[in-house]
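# Examination of the molecular architecture
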Amino acid sequence: MSTAHTGVEEIFRAVARRRHAHALHPQGRRYRGVLQAAGPPVAGWLAGEGPWRLQARWSRALGLPDGCPDGYGLALRVIAAGGPGTGLDLLLTSSGSGALSRHLPLLRADSRRGVYSTLTGYRLPSGTRVLLAAPAAGGPTDTWRGRRLPLTLGLYSAGGTRPPQLLGTIRLTEPADHDSCSFDPYRHQLSHIHPTHHLARLRALAYAGSRQGRGAD
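What comes next is a walk through the structure. (Residues numbered from 1 in each chain as written. Predicted model: local features only at pLDDT ≥ 70, side-chain atom pairs only at ≥ 80, totals over all residues. Heavy atoms only, no water.)

### Some words on the overall build of the protein chain
- Regarding its fold elements, the protein chain presents three helices and ten strands.
- Going residue by residue from the N terminus, the α and β elements of the protein chain occur as α-β-α-β-β-β-β-β-β-β-β-β-α.
- Buried positions account for 47% of the 217 residues belonging to the protein chain.
- Taking all contacts inside the protein chain whose residues are at least 6 apart in sequence as the whole, residues at least 24 apart take part in 58%.
- Summed over its atoms, the accessible surface of the protein chain is roughly 10700 Å², and 56% of this surface lies on carbon and sulfur atoms. (Helix = DSSP H or I, 4+ residues; strand = E, 2+ residues; numbered from the N terminus. Buried < 20%, exposed > 50% of the residue type's maximum accessible area, 1.4 Å probe, protein only. Contact = heavy atoms within 4.5 Å. Areas by Shrake-Rupley, 256 points an atom, 1.4 Å probe, with all protein chains shown as cover.)

### Some words on the pairing of strand β9 (residues 165–175)
- As paired elements, strand β1 (residues 27–37) and β9 share seven bridges and run antiparallel to each other. Within β9, the position partnered with Tyr31 by the bridge is Pro175.
- Counting the residues in the hairpin turn of strand β8 (residues 151–158) and β9 gives six residues, including Gly160, whose phi is positive at 60 degrees. (Pairing = 2+ DSSP bridges.)

### Quick notes on empty space enclosed by the protein
- Applying the stated criterion across every chain, the model contains two cavities of 30 Å³ or more.
- Taken as a whole, the largest cavity encloses approximately 170 Å³ of empty space.
- What lines the largest cavity is a set of 15 residues, among which Leu35, Trp45, Leu46, Leu155 and Leu167 lie closest to the centre.
- Among the elements of the structure, β1, β4 (87–95) and β9 are those that each provide at least two residues to the lining of the largest cavity.
- Looking at the lining of the largest cavity, its residues break down into 14 nonpolar, one polar and no charged. (1 Å grid on protein atoms, 1.4 Å probe; cavity = no way out; pocket = protein on both sides within 12 Å on 5 of 7 lines; lining within 4 Å. Points joined across faces, edges and corners; volume = space filled by probe spheres on them. Nonpolar A, V, L, I, M, F, W, Y, C, P; charged D, E, K, R; others polar.)

### Some words on the pattern of salt bridges
- Under the definition given, this model contains three salt bridges.
- The salt bridge involving Asp177 is made with Arg29; its shortest N-O contact spans 2.8 Å. Residue Asp177 is located in the loop between β9 and β10 (194–195), and its partner Arg29 is located in strand β1; the two are separated by 148 residues in the primary sequence.
- As a salt-bridge pair, Asp110 and Arg113 come within 3.4 Å of each other at their nearest N and O atoms.
- Residue classification places Arg113 among the exposed positions, given a relative accessible area of 59%. (Salt bridge = Lys/Arg side-chain N within 4 Å of Asp/Glu carboxyl O.)

### As for the nonpolar core
- Grouped together as the largest cluster of nonpolar side chains are 31 residues, with contacts concentrated most on Leu46 and Trp58.
- At the level of elements, β1, β2 (52–60), β3 (72–79), β4, β6 (122–124), β7 (127–135), β8 and β9 are the ones that each hand at least two residues to this core.
- Ignoring sequence-local partners within four residues, the contact set of Leu46 consists of Leu35, Trp52, Val78, Ala81, Leu88, Leu190 and Ile193.
- In terms of nonpolar packing, the next biggest core, distinct from the first, is built from five residues, Val115, Val130, Leu132 and Ala134 among them. (Core = buried A, V, L, I, M, F, W, Y, C linked by side-chain atoms within 4.5 Å.)

Here you go:
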């Protein structure tokens, strides 16, 4: 392992240990819900017939005071996505919606507005795409503090200049603050649905250091 790689893991471990929480996104709320596929092709990517149970965590990246723009994160685990005992983790960050801006994190004051993105690409059966989530237009809304439920979001894939394709609907239905799963898209992936190798090593070490620092490994 290179010195740079070791340094990334140590930094995230130290920050998480000091905070007694995630190195990034230290403040958040947890939810349970379901994922409903938009059609047969997408449903065929996951095991079973669906809908699939979800665990979710909605969080602030920097943990700034209320009213301050912050980066928002939405972590999802699709339970039994590849069969019993498996999970598929997706980590999305507040971003833009354009062909370039969906790859960049975006600070915003309201978690209910705008798009969330995986930022880097995912390998899907349909090709390499960025995954997006966006609150359903006109539906009930919820802030990251969990004031109103249920919360409905669309899950999309996007590539190039083509319009995003709807993959399914996420519906968060109840708070689950006692859930303690640790999200990591590199530990919880499927052979045909997983992040690309772009920055994968550094990101995996950052997640590992954060887990170790807060005693969640």
